[in-house]
Amino acid sequence: MRWDNFEVEKLKDIFYVVRNTGGANICLCLKNDSALVVDSGYLPKASAALNDYLRKSLGCEIKLLFNTHYHADHTFGNQSFDCPILSSEACRRQMEKGPSSFWSPAEIAEAMEEDPDLRTEWKELRITPPTMTFAEKKEYDFEGIEVVFQKVGGHTECSSMAVFPGYETVITGDLIFSGVYPTLLRDGNPAELVKALKDLARIEADMYIPGHGASCGHDILYDLIDYWSCLIVQCTELMDSGMPRSEIQQLLETRCRMRALEYDERKHTRNIDSVVDFFWTRMV
Ligand SMILES: [Zn+2]
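Note that the structure is predicted; figures quoted are calculated from it, not measured.

S.K.: Any chance you could explain the sheet that holds strand β8 (residues 132-134) here in plain terms?
M.R.: Hydrogen bonding along the main chain pairs the strands of a sheet, whether they run parallel or antiparallel. The sheet built from eight strands is open, its strands ordered β1-β2-β3-β4-β5-β6-β7-β8 with mixed pairing. Each of the sheet's edge strands pairs with one partner strand only, and the pair in question is β1 (2-3) and β8. Set on the sheet, helix α1 (residues 44-57) makes contact with β1, β2 (6-10), β3 (15-18), β4 (26-31), β5 (34-38) and β6 (61-66); between it and β6 the angle comes to about 145°. Helix α3 (residues 89-97) contacts β7 (85-88) and β8 of the sheet and is inclined by roughly 105° relative to β7.

Printed below as a string of structure tokens:
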């Protein structure tokens, strides 16, 4: 369905996803004229229009915005939501630290140079850290619905998810990419990511709403566990054999592709870089 310029998908029960606000999914839970927003996109003006639509056209009070992690495509819209913002402590620390590798002034300037839309969107960008935090886990009551926010790490040190036990639903942030090639950057921890995915598979849930792509079921978890586990096992075995780094990277390109998806060379080789870098820096 459409809300003004927004493409919105209604999932089951209280869950909605706004798809066209730049990069990551913005997830919404709507009940009793109240909204819980998960991640804020990376286009502040688009996010401001969404904030207005929720308040004025739908008559919703926005109770809380939750950031699953600090990456730009999940938090650059924070400034546009006039409500409390929650994340893990580690996430707020990372956002307060700036410039990080994601929003150094040089990188922002470069992105704006390449994309005229971002020039307009980020003209008055203000990195807006969360106003409330939790260390590992926080239970929250959203209009009588139990929500558990939990830090699990993996995709980033601070990556967290929102679990809705009564609805068998988890909003996962970038622990899951569904229908699009997954991404791990150098701030990720592949071993923790596999552990987080295995923990997710043990949760009683029939719907996972990922940071990127369509909502999905359990199957995707096993594809992702296979993919990242293959990269980890192959990488560490080849390192133990004394093979030079460049040769390891070449071998991993063909040995561990994400089977169910069209091959994305740019993302796959970036993932290899991140995994090899992670274990290489721990070895020396
Ligand atoms: Zn991310």
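Structure shown, so let's carry the discussion forward.
S.K.: Would you explain unusual backbone geometry in this entry?
M.R.: Peptide bonds are mostly trans, and most non-glycine residues show a negative phi. Although it is not a glycine, Asn-32 sits at a positive phi angle of roughly 50°. Within the element layout of this structure, Asn-32 appears in the loop between β4 and β5. Given 12 C-beta atoms within a 10 Å radius, Asn-32 is considered exposed. At Asp-33, a residue that is not glycine, the phi angle is positive and equals roughly 55°. Position of Asp-33 relative to the elements: it lies in the loop between β4 and β5. Under the C-beta neighbour-count criterion, Asp-33 is labelled exposed, with 11 such atoms within 10 Å.

S.K.: Please clarify how the environment of Met-239 should be interpreted in this entry.
M.R.: Note on placement: Met-239 falls in helix α7 (residues 219-240). On the basis of neighbour count, Met-239 is assigned to the partly exposed category, with 17 C-beta atoms found within 10 Å. Here the alpha-carbon distance between Met-239 and Trp-280, two residues 41 residues apart in the chain, equals 8.0 Å. Met-239 has contacts with Ile-248, Phe-279 and Met-283, leaving out every residue within four places of it along the chain.

S.K.: Help me understand the sheet that holds strand β12 (residues 169-178) in this model?
M.R.: In space, the five strands of this open sheet follow the order β9-β10-β11-β12-β13, with mixed pairing throughout. Whereas interior strands pair on both sides, the edge strands pair on one side only; in this sheet they are β9 (137-142) and β13 (207-213). On average, each strand axis in the sheet is inclined to that of its neighbour by 30°, with strand direction left out of account. One ladder, built from six bridges, connects β9 with strand β10 (residues 145-151); its direction is antiparallel.

S.K.: What exactly am I supposed to notice about the environment of Arg-126 here?
M.R.: By the secondary structure assignment, Arg-126 is in the loop between α5 (116-121) and β8. A residue is classified by how many C-beta atoms lie within 10 Å of it, and Arg-126, with 10 of them, is exposed. In this structure, the C-alpha to C-alpha distance between Arg-126 and Gly-188, residues 62 residues apart in sequence, is 25 Å.

S.K.: Sorry, what's going on with the packing of α7 against helix α8 (residues 245-255) here?
M.R.: Look at α7 against α8: their axes get within 10 Å of each other, and the N-to-C directions meet at 150°. Overall, the two elements α7 and α8 adopt an arrangement that is roughly antiparallel. Note on packing geometry: the crossing formed by α7 with α8 is right-handed. Of the residues in α8, those touching α7 at Cys-230, Leu-231, Gln-234, Cys-235, Leu-238 and Met-239 are Ile-248, Leu-251, Leu-252 and Arg-255. Across the contact of α7 with α8, the residue classes break down as eight nonpolar, one polar and one charged.

S.K.: What exactly am I supposed to notice about the nonpolar core here?
M.R.: Soluble, globular proteins show a tendency: their nonpolar side chains are buried together. By size, the foremost hydrophobic cluster in this structure holds 62 residues, and its most contacted members are Cys-27, Val-37, Ala-162, Leu-175 and Leu-231. For this core, the element with the most residues is α7, which contributes eight residues. Apart from the residues lying within four places of it in its own chain, the contact partners of Cys-27 are Phe-15, Val-17, Val-38, Asp-39, Ile-171 and Ile-209. Counting five residues, the second largest nonpolar core, distinct from the first, contains Tyr-70, Ala-90, Met-95 and Cys-158.

S.K.: What should I look at first to understand the pairing of β4 in this one?
M.R.: Within a regular beta strand, the side chains point alternately toward one face of the sheet and then the other, so they alternate between its two faces. One ladder, built from four bridges, connects β3 with β4; its direction is antiparallel. Its bridge partner lying in β4, Phe-15 is registered against Cys-29. The sheet contact formed by β4 and β5 spans five bridges and is antiparallel. Residue pairing for β5: Lys-31 is matched across the bridge by Ser-34. In this antiparallel pair of consecutive strands, β4 and β5, the connection spans two residues, and Asn-32 shows a positive phi of 50°.

How each quantity is defined
For every chain, the first residue of its written sequence is number 1, and the numbers climb from 1 along that sequence. In keeping with the model being predicted, local features are shown solely for residues with a pLDDT of at least 70 and side-chain atom pairs are shown and tallied solely at 80 or more, while totals for entire chains, interfaces and linings include all residues. Strand pairing requires that DSSP identify at least two bridges connecting the strands. By the criteria applied, helices consist of DSSP H or I runs no shorter than four residues and strands consist of E runs no shorter than two, each listed in order from the N terminus. A pair of residues counts as a contact when their C-beta atoms, built from backbone coordinates, are within 7 Å of each other. As a rule, the C-alpha atoms of each element are fitted with a line to give its axis, helices using only the stretch in contact, and angles between N-to-C directions run from 0 to 180 degrees. Exposure classes come from backbone-placed C-beta atoms, where a residue is buried if 20 or more other C-beta atoms lie within 10 Å of its own, exposed if 12 or fewer do, and partly exposed in between. Angular relationships are summarised with four words: roughly parallel below 35 degrees, roughly antiparallel beyond 145, roughly perpendicular across 65 to 115, and oblique for the angles in between. Left-handed is the label given to a crossing in which the near helix is rotated counterclockwise from the far helix by less than a right angle, and right-handed is the label when the rotation is clockwise. Note on residue categories: nonpolar means Ala, Val, Leu, Ile, Met, Phe, Trp, Tyr, Cys or Pro, charged means Asp, Glu, Lys or Arg, and polar means any other residue, Gly included. Think of a nonpolar core as buried Ala, Val, Leu, Ile, Met, Phe, Trp, Tyr and Cys residues chained together by C-beta atoms that fall within 7 Å.

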